[in-house]
Amino acid sequence: MLFRSSLNKQINREYYASHYYHLLYTFFKRDNIALGNIANFFKKSSEEEREHAEKLMDYQVTRGGVVQFTGVDKIELDLNAGSKDFDYVLKSFEKALELEKSVNESLLNLHKTADEDNDPQFADFLEGNYLNEQVEANYELSKYITQLEMIGNNGFGIYMFDKEFEN
């Protein structure tokens with residue numbers, strides 16, 4: 001079945017996203033950034049992506065496949081955190097949205113593979129566990145980006161965004 005290699009690629013993408021979010025968590029947790037609620041948002045996001053990978057791994061094994069890891073590419077955060085310019089907050093959410101859109105596109109391609117393989121059970125699994133959640137994640141990140149664009153480079157605004165941050 002063709003979906004097995006595609007599924008392994010998706011598992012690795014989910015782990016990449018988890019690592020990326022975990023790195024953002026540690027970035028915002030630093031003493032010179034000190035935006036704890038944003039940090040916790042990215043920690044929660046990391047945990048969710050890891051759960052997605054684990055669910056896909058369980059599915060792979062249940063269907064008789066073998067899980068294969070390709071390793072996680074090195075992640076570089078270029079957020080320029082040392083300056084008094086607070087655009088790193090907006091940039092981090094923009095990068096998160098870009099990542100979510102990439103994961104969503106990959107899931108849609110995986111769904112297409114399920115259709116091409118005439119595997120409605122796999123397509124249903126993806127629809128029931130991933131596709132709607134991806135739309136909601138993209139929407140949530142887009143709202144945060146809009147709010148951060150309104151705040152601009154206002155340090156107090158960023159501070160209040162963090163304090164009022166829903167997670």
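Located above this text is the structure these notes cover.
Residues numbered from 1 in each chain as written. Predicted model: local features only at pLDDT ≥ 70, side-chain atom pairs only at ≥ 80, totals over all residues. Heavy atoms only, no water.

(A) How the structure looks around unusual backbone geometry. You will see that alanine 34, though not glycine, has its phi angle at about 55°, which is positive. With respect to the helices and strands, alanine 34 occurs in the loop between helix H1 (3-29) and helix H2 (36-62). Given the relative accessible area of 52%, alanine 34 is considered exposed. (Helix = DSSP H or I, 4+ residues; strand = E, 2+ residues; numbered from the N terminus. Buried < 20%, exposed > 50% of the residue type's maximum accessible area, 1.4 Å probe, protein only.)

(B) Region of interest: the pattern of salt bridges. Under the definition given, this model contains 3 salt bridges. The salt bridge partner of glutamate 76 is lysine 74, with a shortest N-O separation of 3.2 Å. Judged by its relative accessible area of 55%, glutamate 76 falls in the exposed class. (Salt bridge = Lys/Arg side-chain N within 4 Å of Asp/Glu carboxyl O.)

(C) Main features of the environment of lysine 101. Within the secondary structure layout, lysine 101 lies in helix H3 (residues 87-116). Owing to a relative accessible area of 48%, lysine 101 belongs among the partly exposed residues under this scheme. Put simply, lysine 101 and glutamine 134 are 33 residues apart on the chain and 8.0 Å apart in space, counted from C-alpha to C-alpha.

(D) Main features of a nonpolar patch on the surface. Taken together, Phe156, Tyr159 and Met160 make up a surface patch of nonpolar side chains, about 320 Å² in accessible area. Take phenylalanine 156: it is sitting in helix H5 (residues 155-164). By relative accessible area, phenylalanine 156 is classed as exposed at 58%. (Patch = residues over 30% accessible without salt bridge, like charges linked within 9 Å, V, L, I, M, F, W, Y side chains within 5 Å. Areas by Shrake-Rupley, 256 points an atom, 1.4 Å probe, with all protein chains shown as cover.)

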